Amino acid sequence: MDSQRESWGSRFGFVMAAAGSAVGLGNVWRFPYITGDNGGGAFLLIYLAIVAGFGLPLVIAEIVLGRTAQRNPVGAFRLLGGRAWPAVGYLGVLTGFVILSFYVVVAGWTLAYIGFMARGLLSTGPQALGADFGRFIGGGSAIAYATAFMALTAFVVASGIGKGIERANKLLMPALFVLLLILLARAVTLPGAADGLRFFLVPDFSRVTGATFSAALSQAFFSLSLGMGCMVTYGSYLRSRERIASASGMVVGLDVLAAILAGLVVLPVVFAFGFDPGQGPGLTFVTLPAVFASMPLGQLFGVLFFLLLAIAALTSAVSILEPAVSLLVDERGLSRTAAAWACAAVALALGIPASLSFGAWAGFTLFGKTFFDLLDFAATSVMMPLGALLTAVFVGWFWAAPAARALSNDGELRQPWAPAWGAVLRFVAPPALAWILLLSIGLI
Ligand code: TRP
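Cut-offs applied
- Residues numbered from 1 in each chain as written.
- Predicted model: local features only at pLDDT ≥ 70, side-chain atom pairs only at ≥ 80, totals over all residues.
- Heavy atoms only, no water.
- Helix = DSSP H or I, 4+ residues; strand = E, 2+ residues; numbered from the N terminus.
- Polar contact = N/O pair within 3.5 Å; in protein donor to acceptor, adjacent residues only side chain to side chain.
- Contact = heavy atoms within 4.5 Å.
- Near = heavy atom within 4 Å.
- Areas by Shrake-Rupley, 256 points an atom, 1.4 Å probe, with all protein chains shown as cover.
- Expected span 1.5 Å × (residues − 1).
- Salt bridge = Lys/Arg side-chain N within 4 Å of Asp/Glu carboxyl O.
- Buried < 20%, exposed > 50% of the residue type's maximum accessible area, 1.4 Å probe, protein only.

### A few points about the side chain of Arg-5
And step 1. When you line up the elements, Arg-5 lands in the segment before helix 1 (11–22).
And step 2. At 2.6 Å, the side chain of Arg-5 forms a polar contact with the side chain of Ser-236.
And step 3. Of the polar contacts made by the side chain of Arg-5, one reaches the side chain of Asp-330; its length is 2.9 Å.
And step 4. In this view, Arg-5 contacts Gln-70, Arg-71, Asn-72, Ser-236, Tyr-237 and Asp-330; residues no more than four positions away in its chain are not counted.

In structure tokens:
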């Protein structure tokens with residue numbers, strides 16, 4: 001195999017990078033409001049069951065695929081599957097561009113809010129904060145922040161695997177957990193926090209419907225960075241003797257931990273100040289600044305919170321860009337630097353209209369969705385579940401024996417869970433994914 005190919009410097013570096021990919025806006029921004037929307041504790045339980053029973057096996061499958069092939073997703077499917085399978089890799093790379101384009105828009109907001117908090121620029125009442133938020137995301141400066149964020153992402157990716165992505169993650173991931181713990185200590189000691197804790201931790205099954213399961217399933221996928229070759233690509237920089245199952249377990253564990261910590265920060269704060277937990281995407285950007293404004297040392301905590309969000313977003317954005325870059329480097333012979341900046345420019349070109357769809361272009365809609373919503377819907381409701389479905393079918397049905405052998409490099413085939421892993425990929429994941437796919441495109 002190509003001895004020139006870059007690889008992670010250490011097992012810790014790989015785990016931090018993969019966890020950095022997983023832990024992102026999905027955990028800190030999306031998870032608390034989706035949980036709030038879906039009734040709290042019961043959603044949390046269902047989410048945990050889905051992640052363990054179904055997310056973890058797919059994380060392992062993607063990483064095994066990448067490590068065995070030592071190639072980008074397109075190359076991996078070509079090498080191990082041949083025939084039409086490389087199309088799954090191309091679908092993943094394309095999905096990456098779509099996700100990245102709207103991801104950097106929200107990531108740009110987090111960058112801006114660090115500054116707003118630090119300079120005390122936001123209003124105080126929740127009404128005025130909603131207006132501040134609306135005005136900001138619809139304006140031109142939001143585009144500037146998205147551009148700045150994209151440049152940061154491209155810079156890290158251009159710096160390489162060991163010196164760029166791994167180094168950044170080894171620094172930023174521990175910092176993120178420290179910040180989460182500091183904020184947690186503040187949130188749970190607020191007067192009135194107990195109601196939020198009860199909402200988050202005590203299940204109320206009367207609120208569970210079919211939609212709760214599909215929301216938990218798509219949240220789990222988005223959060224674990226599945227379905228677009230992200231984990232395939234990160235796995236491809238692993239040396240062959242690394243124990244994949246335990247590393248995957250750690251990545252999934254850290255991802256769940258970050259989501260729970262974020263829930264423990266956001267929901268008590270929301271309840272302590274009497275806000276509605278089911279108010280959707282504005283939950284962190286509108287509610288939390290109001291809270292910080294009326295809390296001792298709130299400005300400091302506010303800066304820390306948005307810094308945390310920006311860090312989480314950066315380590316994820318880097319991983320969304322990497323599959324396309326690795327394709328161009330492996331197969332088109334581009335330099336890493338050229339590939340990183342070129343792909344970033346393309347994704348930004350899609351991101352700008354997405355950002356404008358909160359302002360000047362809000363009137364342009366298709367199927368009742370703005371451009372931002374369309375990108376989000378296409379990627380997370382259609383392309384990712386489809387990619388994950390095809391990956392599970394490939395590893396479970398077409399590549400099953402070699403996949404098991406690839407795991408057994410480390411004697412892991414003899415682990416009692418190996419048959420269950422295969423069974424999930426064959427029998428559980430494909431129908432479940434087909435179900436959310438059909439559900440989200442409105443066919444059932
Ligand atoms: N998991 C990240 C988050 O929670 C986002 C992300 C990174 C992602 N890579 C991905 C989502 C690949 C889907 C596919 O924010």
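Moving on from the model shown.
### Quick word on the site of the ligand
And step 1. Surveying the vicinity of the ligand reveals 18 residues, the closest of which are Ala-22, Leu-25, Gly-26, Tyr-103 and Phe-222.
And step 2. In this structure, an oxygen atom belonging to the ligand sits 3.4 Å away from a side-chain N or O atom of Asn-27.
And step 3. Within the contact set of the ligand, a nitrogen atom lies 2.8 Å away from a backbone nitrogen or oxygen of Phe-222.
And step 4. Relative to its free-state accessible area of 360 Å², the ligand is covered by the protein chains to the extent of 100%.

### Structural notes on the environment of Pro-289
And step 1. Within the fold, Pro-289 resides in helix 13 (residues 282–293).
And step 2. Apart from the residues lying within four places of it in its own chain, the contact partners of Pro-289 are Tyr-113, Met-117, Leu-122, Leu-129, Thr-284 and Phe-306.

### Notes on helix 7 (residues 140–158)
And step 1. Between the first and last C-alpha of helix 7 there are 27 Å, a value that for 19 residues agrees with the 27 Å anticipated at 1.5 Å per step.
And step 2. Trailing helix 7 by a residue or two, Gly-160 shows a phi angle of about 105°, which is positive.

### Description of the pattern of salt bridges
And step 1. Under the definition given, this model contains seven salt bridges.
And step 2. A salt bridge links Asp-330 to Arg-5; the nearest nitrogen and oxygen atoms lie 2.9 Å apart. Separated by 325 residues along the polypeptide, Asp-330 in helix 14 (residues 298–332) and Arg-5 in the segment before helix 1 bring together distant segments of the chain.
And step 3. With relative accessibility at 33%, the residue Asp-330 sits in the partly exposed group.
And step 4. Arg-5 sits in the buried class, given a relative accessible area of 12%.
And step 5. A salt bridge links Lys-170 to Glu-166; the nearest nitrogen and oxygen atoms lie 3.8 Å apart.

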